Amino acid sequence: MELARRVMSIQPSPTLAVDAKAKSLKAAGVDVISFGVGEPDFRTPAHICAAAKEAIDQGFHGYTAADGMPELKKAVAEKFKRDNGLDYSTDQVIINVGGKHSSYLLMQALLNDGDEVIVPAPYWVSYPPMVILAGGVPVIVPTREADDFKLNIADLTKAITKKTKAIFINSPSNPTGSVYSAEELRPLAQLCADNGIIIVSDEMYEPILFGGRKFVSTASLGDKIFQHTCTLNGVSKAYAMTGWRIGYMAGPAPLIKACAKIQSQSTSNPTSISQKAALTALTGPQDEVEKMRVEFEKRLAYILGRLRAMPGVTCSEPGGAFYVFPNLSAYFGKKFGDTVIAGSLELSDYLLEHSHIATVPGVAFGEDSCVRFSFATSMELIAKGMDRLADGLAKLK
Ligand SMILES: *Cc1c(COP(=O)(O)O)cnc(C)c1O
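Some thoughts on the sheet that holds strand β9 (residues 323–324)
Each strand in a sheet pairs with its neighbour through backbone hydrogen bonds, running either in the same direction (parallel) or in the opposite one (antiparallel).
Link 1 in the chain: A sheet is described by the order of its strands in space; here three strands give the open sequence β9-β14-β13, paired in antiparallel fashion. Because the sheet does not close on itself, it has two edges, and the strands there are β9 and β13 (360–361).
Link 2 in the chain: The pairing of β9 with strand β14 (residues 371–374) spans two bridges and is classified as antiparallel. Along β14, the bridge assignment pairs Tyr323 with Ser374.

Right, dumping it as structure tokens:
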């Protein structure tokens, strides 16, 4: 069978692939510790689950408006006002089938063949394929570990061309955990806005911040920036609701309307029951969110301490999310028996097969020096996993 060229132009999500490999080892009886997963290890808070159960009992199982229930869109607009100081009307809001689908729709709605989208690296694995699937060209702009993997104005300036249509900004970042301050972000966003570039601000990890940091929503940094920003968020990470598949975004009305049109001809509405749950998540008590954040912060302190104590390992300090992204390139070129650890891919494979810890190679995020460890797992398993890592690295000669 001859498949479409667009399918050949992308790879399956590497993070999901690592997860699958780890799961098959586990199924074969191997005690694998997973640092691979990109989802909270907590359960969805009980009051949110109760809202979904109630929705089922009340027979709330028909179609909703294709772009989301009006009630939920209103709750999202209120959330943006309350938490981020952003004034969006409900016709500037759309509810999507997970946060991943928000950026996918945006690319579909924005790009013509050959349009460029700036993707600072390390990047979330799905950004470049989404650009490619929409006929666009991802322009990867590397950042530096010394800058905590944050984009600087000189590199951004060089990357902008007449064809630049959009840029992805993800703070807190998956995979690096880096968080932009208002001072760092404003000049970058202003330059984009002045050049008519749409800023896709992926704010999925908003409440998971460490060290007393305050969250900065890109669109809040100025009027012109607001006009050029799409603000993406969702319930997956904040409320431990990855499987429910609810994301949402707000931005310029014509763009949101275009996304709604595509959604109406592809998925139709996100699951009705999940929308009811998301409504309760956004409007109900928020104390569970803070409890999870506190637990993540404890784990971060521990795992960062362990990593930095290992010979040759450097690791910038994450300001948010639940990942660490240590530089393990000191081990590249070393061997285990006949196996040469050429880069992050070989190192991750070695760690999975010999040390039984699952990680995601940095090359998947556009930074081969590093390996991503998610700390969305218990302290006990993190401790055991770090022992295994230290041992595995020490065996490389
Ligand atoms: C997890 C994640 C999302 C969205 O996740 P969904 O499960 O699709 O809601 C978006 N952006 C980043 C950077 C993420 O890590």
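Overview of the pattern of salt bridges
Link 1 in the chain: By the definition in use, this model includes 22 salt bridges.
Link 2 in the chain: Across the salt bridge formed by Lys150 and Glu184, the nearest N and O atoms sit 3.0 Å from each other. With Lys150 in the loop between β4 (137–142) and α7 (153–159) and Glu184 in helix α8 (residues 182–194), this pair connects stretches of sequence that are 34 residues apart.
Link 3 in the chain: Taking relative accessible area as the criterion, Lys150 reaches 14% and is therefore assigned buried.

Quick notes on the packing of helix α3 (residues 46–57) against helix α11 (residues 272–283)
Link 1 in the chain: Two elements in contact, α3 and α11, have axes separated by 8 Å at closest approach and are oriented at 140°. Classified by chirality, the crossing of α11 by α3 is right-handed. Between α3 and α11, the residues in contact are His47, Ile48, Ala51, Ala52, Ala55 and Ile56 and Ile273, Lys276, Ala277, Thr280 and Ala281, respectively.

Observations concerning the domain arrangement of the chain
Link 1 in the chain: Considered domain by domain, the chain is made up of domain 1 (5–43 + 288–394) and domain 2 (60–283).
Link 2 in the chain: Averaged C-alpha coordinates put domain 1 and domain 2 at centres separated by 26 Å.
Link 3 in the chain: Residue-level contacts link 37 residues of domain 1 with 30 residues of domain 2.
Link 4 in the chain: Summed over both sides, the interface of domain 1 with domain 2 buries roughly 2,800 Å², with 63% coming from carbon and sulfur.

Topic: a nonpolar patch on the surface
Link 1 in the chain: Judged by side-chain polarity, Met1, Leu3, Val7 and Met8 come together as a nonpolar surface patch covering roughly 500 Å² of accessible area.
Link 2 in the chain: Within the secondary structure layout, Met1 lies in the segment before α1 (5–8).
Link 3 in the chain: Of the residues examined, Met1 reaches a relative accessible area of 94% and is grouped as exposed.

Some thoughts on the site of the ligand
Link 1 in the chain: Close contacts around the ligand come from 13 residues, with Gly99, Asp202, Tyr205, Ser236 and Lys237 the closest.
Link 2 in the chain: A distance of 2.8 Å separates an oxygen atom of the ligand from a polar backbone atom of Lys100.
Link 3 in the chain: Contact distances for the ligand include 2.6 Å between an oxygen atom and a side-chain N or O atom of Ser236.
Link 4 in the chain: Isolated, the ligand exposes 390 Å² of accessible area, and the fraction of that covered by the protein chains is 94%.
Link 5 in the chain: For the shell around the ligand, the per-class residue count stands at four nonpolar, five polar and four charged.

So, the pairing of β14
On any regular strand, side chains alternate: one points to one face of the sheet, the next to the other face.
Link 1 in the chain: Neither face of β14 is left uncovered, since the one carrying Val371 and Phe373 and the one carrying Arg372 and Ser374 both have all their residues buried.
Link 2 in the chain: In terms of strand pairing, β13 meets β14 through two bridges, oriented antiparallel. Bridge assignment links Pro361 to a residue of β14, and that residue is Val371.

Overview of the sheet that holds strand β5 (residues 164–170)
Link 1 in the chain: In spatial order, the strands read β2-β8-β7-β6-β5-β3-β4; together these seven strands make up an open sheet with mixed pairing. The open sheet has two edge strands with one neighbour each: β2 (93–96) and β4. When strand polarity is set aside, the average angle formed by the axes of neighbouring strands in this sheet is 20°.
Link 2 in the chain: Lying over the sheet, helix α4 (residues 70–84) contacts β2, β7 (229–234) and β8 (247–250), oriented at roughly 115° with respect to β2.

With respect to unusual backbone geometry
Link 1 in the chain: Look at the link from Ser171 to Pro172: it is a cis peptide, with omega at -10°.
Link 2 in the chain: With omega at 25°, the peptide bond leading from Asn174 into Pro175 counts as cis.
Link 3 in the chain: Although it is not a glycine, Asp148 sits at a positive phi angle of roughly 55°.
Link 4 in the chain: By the element assignment, Asp148 lies in the loop between β4 and α7.
Link 5 in the chain: In this structure Asp148 comes out as partly exposed when scored by relative accessible area, which is 30%.
Link 6 in the chain: In this model, Phe149 sits at a positive phi of 60°, which is unusual for a non-glycine residue.
Link 7 in the chain: Looking at the element boundaries, Phe149 is found in the loop between β4 and α7.

Rules behind the numbers
- Residues numbered from 1 in each chain as written.
- Predicted model: local features only at pLDDT ≥ 70, side-chain atom pairs only at ≥ 80, totals over all residues.
- Heavy atoms only, no water.
- Pairing = 2+ DSSP bridges.
- Helix = DSSP H or I, 4+ residues; strand = E, 2+ residues; numbered from the N terminus.
- Salt bridge = Lys/Arg side-chain N within 4 Å of Asp/Glu carboxyl O.
- Buried < 20%, exposed > 50% of the residue type's maximum accessible area, 1.4 Å probe, protein only.
- Axes fitted to C-alpha atoms, helices over the stretch in contact; angles between N-to-C directions.
- Left-handed = near helix turned anticlockwise from the far one by under 90°.
- Contact = heavy atoms within 4.5 Å.
- Domains from an automatic or database assignment.
- Buried area = accessible area lost by both parts, 1.4 Å probe.
- Patch = residues over 30% accessible without salt bridge, like charges linked within 9 Å, V, L, I, M, F, W, Y side chains within 5 Å.
- Areas by Shrake-Rupley, 256 points an atom, 1.4 Å probe, with all protein chains shown as cover.
- Near = heavy atom within 4 Å.
- Polar contact = N/O pair within 3.5 Å; in protein donor to acceptor, adjacent residues only side chain to side chain.
- Nonpolar A, V, L, I, M, F, W, Y, C, P; charged D, E, K, R; others polar.

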